[in-house]
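Examination of the molecular architecture
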Amino acid sequence: MWPALYSYGTATDPNALNTALSLANPPVFSNNNTVVTITLKRWKWSNGQPLTNADLVFFLDLLRYQKNQFADYVPGDIPDNIQSVTTSGTQTVVLHLTGSVNPVWFAKDQLDQLVPLPQQVWDKTSSSGAVGHNANTPAGAAAVLNYLSAQSKDTSTYATNPLWKVVDGPFELTSFNNTGAATFKVNPNYSGPKPTYKVFKEVPYTSDASEFSSLLAGNELQVGYVPSTDLATDSRVTAAGYKLMPTPFWEINFLSLNYISPQVGNIFKQLYVRQALQHLMNQNAVVKSLLSGTGGYPDYGPVPPQPSNPYVGSAEAASTYPYSIKDARALLTSHGWKIPASGAAVCASPGSGANQCGPGISAGQTLTFSLTYVSGASYLTGEMENFKSAAASAGIVINLTSAPFNALIAESGSPHASGPDIANWGAGFAWDFGEPYPTGGSIFASGHFLSYPVPSELRTLIAATHTASGSQAVNAMHAYSNYLSKQLPVIFQPVTYTTYAASNALQGVYFPPTGILYPQTWSYKK
């Protein structure tokens, strides 16, 4: 409904800027990459009003004055790296930066976060208030955002609130409920490639099994997905009238650790504990036995190995901590833990010495953790049961529970001391959540999604990926990749392919590795 300024991924090149779907012409860098000129296309809102630079500046004002409310905010990144903003005419915005940047990184990981918003409708502080340039002051931006946020909490009015009726994307929402069911109609004023159909529906399912049954029915879904556990029987899907489209996303996949838990946070802060946990994740076995051998691939670090890219470091590629219960046990016993014949290991040698448990860990403390994972995917249940079993062999007791994604992400998607010790959100995470340059800033350096105490060395390495250009950019990425694959801020686990199934009656269907759907390009064969 409100697409980002720039969209990435085309039918022929997953890394390319999608010029047809982007709201602006490609950015122009000048003055040693310290000035960026953005020229908006002649685009329209659904109410017929033109998209102008006021709409982009409106978003930039909200971002500048309310950056700590922005999920992707990383200190030093946008908006901190914008010194000033100027405009020209109605379509041009010029960003004057605080220093020289890597233009590839800035275009793909900074500018793609910008989302023009309908200033002529949203720039107000109450439903009865006047629309104006309220967001161009700190107090005004706070009032505008508070108003919009309050309106967005009323999900029962998503399809009726006049605020949400003004869109510049291909669809307008006509119905919605909290289970995830959503129905859209085509925006008649959409300026991009217009859909050739009238209605688009997103249909929720409580499990991958129920979705797969609906897919096999052959007449209920035009586009769906094949669960990894069912890939061995994919001939049933083609027989039902679909073509299969395996799609690797720009993503990594991991278990997040609760570093701020008063019970176990100090344990997770010990690198040797994280190394032991990584040794207990049997990724190859999961891919072979639970993902049909072709439904996924191992992930050993912060840079996705697929789609193919030059940024994976040697340490990450070599799998620094391969599956080994023996190595996990050795790490624990050499650091003061006593592993009984059954049950949890006990800290027998507290202290901060090289052969002791570590700072903040008391004598008698046990390696017992809670782990909550997303419900609904049978392979994930099997993977977590395998992990629990391997951990038990090394003296680590893991108590498993499952929860729906919404409940789990609310509980652990931002740092909470009372959240689960270990959380598995199930879905992989993209390079900076879908941004097509794998610097990891908004995952590992923002503090919004993980409680990981970010070392200054990591901040330095990430910052280098934002400024280095050419061959030096690749070297900077390798240094970042190698560092994090050894430091293990999270426990890496296999990434699953998303194998889409698209009806043979559709054409123009493709799925970019950002994970964003572009159904406006789909059409029925004539």
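Above this text you will find the structure in question.
Residues numbered from 1 in each chain as written. Predicted model: local features only at pLDDT ≥ 70, side-chain atom pairs only at ≥ 80, totals over all residues. Heavy atoms only, no water.

1. Regarding the sheet that holds strand β1 (residues 28–30)
Strand order across the open sheet formed by four strands is β1-β2-β4-β3, with antiparallel pairing between neighbours. In this open sheet, the two edge strands, each paired with only one partner strand, are β1 and β3 (82–88). Here the strands of the sheet are splayed against their neighbours by 20° on average, with no regard to which way each runs. One ladder, built from three bridges, connects β1 with strand β2 (residues 35–39); its direction is antiparallel. In the sheet register, V28 faces β2, and the bridge partner there is T37. Relative to β1, helix α2 (residues 103–110) is tilted by about 140°, and along the sheet it contacts β1, β2 and β4 (92–97). (Pairing = 2+ DSSP bridges. Helix = DSSP H or I, 4+ residues; strand = E, 2+ residues; numbered from the N terminus. Axes fitted to C-alpha atoms, helices over the stretch in contact; angles between N-to-C directions. Contact = heavy atoms within 4.5 Å.)

2. Some thoughts on the packing of helix α15 (residues 456–467) against helix α16 (residues 471–487)
The contact between α15 and α16 brings their axes to 8 Å, and the two run at 150°. Relative to α16, the element α15 is oriented roughly antiparallel. Handedness of the α15/α16 crossing: left-handed. Taking contact as the criterion, the partners of E457, L458, L461, I462, A464 and T465 in α15 are, on α16, A476, M477, A479, Y480, Y483 and L484. When its residues are assigned to classes, the contact of α15 with α16 shows 10 nonpolar, one polar and one charged. (Parallel < 35°, antiparallel > 145°, perpendicular 65-115°, else oblique. Left-handed = near helix turned anticlockwise from the far one by under 90°. Nonpolar A, V, L, I, M, F, W, Y, C, P; charged D, E, K, R; others polar.)

3. Structural notes on helix α9 (residues 283–290)
Looking at α9, one finds that the buried residues are Q283, V286 and V287. Down the axis of α9, the sector holding all buried residues measures 95°, keeping them to one side. Of the exposed residues in α9, those oriented more than 90 degrees away from the buried face are N284, K288 and S289. Residues of α9 that are buried make contact with α8 (271–279), β12 (296–297), α12 (378–393) and β19 (491–492). (Buried < 20%, exposed > 50% of the residue type's maximum accessible area, 1.4 Å probe, protein only. Arc of directions from axis to C-beta.)

4. Structural notes on the side chain of E316
When you line up the elements, E316 lands in helix α10 (residues 314–317). Salt bridges are absent for the buried E316, whose nearest opposite-charge side chain, K486, sits at 11 Å. (Lys, Arg positive; Asp, Glu negative; His and termini not counted. Salt bridge = Lys/Arg side-chain N within 4 Å of Asp/Glu carboxyl O.)

5. Points about the side chain of E211
Within the secondary structure, E211 is located in helix α5 (residues 208–217). An unpaired buried charge is present at E211: no salt bridge exists, and R236, the closest side chain of opposite charge, is 11 Å distant. Ignoring anything within four residues of it in the chain, the contact list for E211 reads Y205, L221, G224, Y225 and P227.

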